[in-house]
Amino acid sequence: MSIDSINLAETLRKEVSAGLIASRKAGLGQFMTPASVAKFMASLFPPANMPECILLDAGAGIGGLTSAFIERCSTDGGLTFKKVRLDAYEIDASLRKHLERTLSSYASGSPIEVCIHSGDFIEAAALQNLSPGRYTHAILNPPYKKINNDSLHRQILRQVGIETVNLYTAFVALALDRMQQGGQVVAIIPRSFCNGPYYKPFREFVLKRASICHLHLFDSRSKAFKDDDVLQENVIIRLERGGIQGRVQVSHSTDDRFADLTIHECAFEQIVFPEDIERFIHIPSSAEQDALKQAPSIQHSLRGLNVEVSTGPIVDFRLCDFIEESPCDGCVPLLYPGHFEGLSTHWPKEGIKRGNAIRLCRETEKWMYPNGFFTVVRRFSSKEEARRIVASVVRPDSFPGAAKLGFENHLNVFHHGKRGLPELFAYGLAVYLNSTIVDQSFRRFNGHTQVNATDLRMMKYPDQDALTTLGAWAKQQENLTQEIIDFRVKKLLE
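Residues numbered from 1 in each chain as written. Predicted model: local features only at pLDDT ≥ 70, side-chain atom pairs only at ≥ 80, totals over all residues. Heavy atoms only, no water.

A few points about the packing of aromatic side chains
All told, the structure shown has 14 aromatic pairs when counted by the stated rule. Taking the centre distance of 6.4 Å and the plane angle of 10° together, the rings of F69 and F81 count as stacked. In this pair, F69 is assigned in helix α4 (residues 64–74) and F81 in strand β2 (residues 79–89), connecting sequence segments 12 residues apart. Look at F81 and you get buried, because its relative accessible area is 11%. Considering the side-chain rings of F193 and F202, the 5.9 Å spacing of their centres and the 85° angle between planes classify their relative orientation as edge-to-face. There is no split in this pair, since F193 and F202 are both buried. Linked through ring pairs, F40, F218 and F258 together constitute an aromatic cluster. For the cation-ring pair, R209 lies above F205, with the distance from its terminal atom to the ring centre recorded as 3.6 Å. Note that R488 overlies the ring of W473, its terminal NZ or CZ placed 5.7 Å from the centroid. (Phe/Tyr/Trp six-rings, centres within 6.5 Å; stacked < 30°, edge-to-face > 60°. Helix = DSSP H or I, 4+ residues; strand = E, 2+ residues; numbered from the N terminus. Buried < 20%, exposed > 50% of the residue type's maximum accessible area, 1.4 Å probe, protein only. Lys NZ or Arg CZ within 6 Å of the ring centre and 35° of its normal.)

Examining helix α16 (residues 482–490)
Among the residues of α16, those classed as buried are I485, D486, R488 and V489. Down the axis, α16 shows its buried residues gathered within 170° of arc, on one side only. The exposed set on the far side of α16, more than 90 degrees from its buried face, consists of E483, F487 and K490. For α16, the secondary structure elements touched by its buried residues are α12 (423–433), α13 (436–443) and α15 (464–476). (Arc of directions from axis to C-beta. Contact = heavy atoms within 4.5 Å.)

A closer look at the nonpolar core
Of all hydrophobic cores here, the largest spans 52 residues; its most connected members are F193, I212, L215, L239 and I271. If you tally residues by element for this core, the top one is helix α8 (residues 167–177), at 9 residues. Sequence-distant contacts of I212, that is, excluding residues within four places in its chain, are made with L207, I237, R238, L239, Q245, V248, F268 and I281. (Core = buried A, V, L, I, M, F, W, Y, C linked by side-chain atoms within 4.5 Å.)

Regarding the environment of P327
Locating P327 in the fold gives a position in the loop between β11 (323–324) and β12 (331–335). The class for P327 is partly exposed, based on a relative accessible area of 41%. Spatially, the C-alpha atoms of P327 and G355 are 8.8 Å apart, while their sequence positions differ by 28 residues.

Notes on the pairing of strand β7 (residues 234–241)
With 7 of its 8 residues buried, β7 lies for the most part within the structure. Note: strand β5 (residues 179–190) against β7, 7 bridges, orientation antiparallel. Counted as the bridge partner of I188 is I236 from β7. Both strand β6 (residues 210–218) and β7 contribute to a ladder of 7 bridges, which runs antiparallel. Bridging across to β7, A210 finds its partner in R241. (Pairing = 2+ DSSP bridges.)

A word on the layout of surface pockets
Roughly 660 Å³ of internal volume is contained in the second largest pocket. Lining the second largest pocket are 20 residues, with K146, Y198, Y199, Q450 and N452 sitting closest to its centre. Per-element accounting of the lining of the second largest pocket gives the leading share, 3 residues, to helix α14 (residues 453–458). Each residue belonging to the lining of the second largest pocket can be placed in one class, and the counts come to 7 nonpolar, 10 polar and 3 charged. (1 Å grid on protein atoms, 1.4 Å probe; cavity = no way out; pocket = protein on both sides within 12 Å on 5 of 7 lines; lining within 4 Å. Points joined across faces, edges and corners; volume = space filled by probe spheres on them. Nonpolar A, V, L, I, M, F, W, Y, C, P; charged D, E, K, R; others polar.)

Observations regarding the environment of K353
Among the structural elements, K353 can be located in the loop between β14 (344–345) and β15 (357–359). You can call K353 exposed: its relative accessible area is 75%. Considered as a pair, K353 and E325 are 28 residues apart in the sequence and their alpha carbons are 8.9 Å apart.

Structural notes on unusual backbone geometry
A cis geometry characterises the amide bond from W347 onward to P348, with omega recorded as -10°. Within the element layout of this structure, P348 appears in the loop between β14 and β15. A positive phi angle, close to 60°, is found at F258, a residue other than glycine. Position of F258 relative to the elements: it lies in the loop between β8 (248–253) and β9 (262–266). On the basis of relative accessibility, which here comes to 14%, the residue F258 falls in the buried class. Residues other than glycine seldom take positive phi values, yet K418 does so here, at roughly 70°. Within the fold, K418 resides in the loop between β20 (411–415) and α12. Given the relative accessible area of 31%, K418 is considered partly exposed.

This is the structure in structure tokens:
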């Protein structure tokens, strides 16, 4: 077997990637795998000695992943097969010609049977052109692109019991569904599937059919596909079809060089919490326990505190006819993330994208909250910000004379039945959420810069008295620095 193909694939990857404009890459929804990542992915397959390997590479690109897998078979890498049969799917003709070149050395004179498919993998797999139990191994870098609700892909996937919102999860689900019992799937995919309501059906699909054996996280958001300026946080996952779930290997590296690779094992209960009906997948950042989740004083749910959190109900582009740049008669304050800095509210404010107020009328009244004390958290943070969770306090006296408030959709609002919270509790909750230890805990299971209301509901909190005391302390501080906040919140863990 030739081992030169992975070097050829890497050369082609750099040439092809440089020649594709950004819009073309986005249209494909696929970013080609660097050789270093491909080799690491191939290394994750457990040793095997069997007569035949039937390998799937769906969304094969120019063949880098397949070449890395074959290289491991060609060396003393613990993968020993008398024959390898490959199904490589690549729908894009311009990439497929490079794929054919990369895999041409396997076409004859070796125990490798290559079959390159030009068709749509989703259609081929879901419409039963690929029989269940066909594959022993799959190595995947699937396309990353949203699936519209009314698209043909969505309809096809629903026919086979797969409900998902992105091509990458569709590819993984279909590959897993076509594996033999004990079959191994290694895939590099965005971390966004680990949490959030949209990916819950996919998580349930995977956890019902496979065991999670390995999770690898790149600590830098921009280094796994640095040639393509991809900022999505990526995970490499190994799944075993029908496997008995045991401990999970978790590894980390800063980037695709793997120079600082660390590996540790975690109990599955640290990855998917037994009581979590959302089936969130956590990726511990080290072998150390999450101090926040182990603290006996931080074990209260929002429901237990009689508090709710909701996404701001005002979607401005749908109500743009009612939004005013400045406060006026018949209007109420409209609050965006830009109105908050630290714990404080700055309203009205010049330069807000849409405006500072919204007219109170029959069309808008149902979206309003009564004026009061609220804790708010931005739904989106920039990659440059030190914390993912950024919390502030809404004070009623910031809006004298306003009976109601409008919260824009880019805010999460903590409330009690749509009414305000006790003042000191609201401050204590904001300070707790702004602590570094909460942010570190949150980052363990949230792989993007979005903070959903569902994520905040899943977190644990101190009890009401502790948060109220924390709020009273916060109001007494002249300069509430991050260092002071962290020192005070850590005392809650003692």
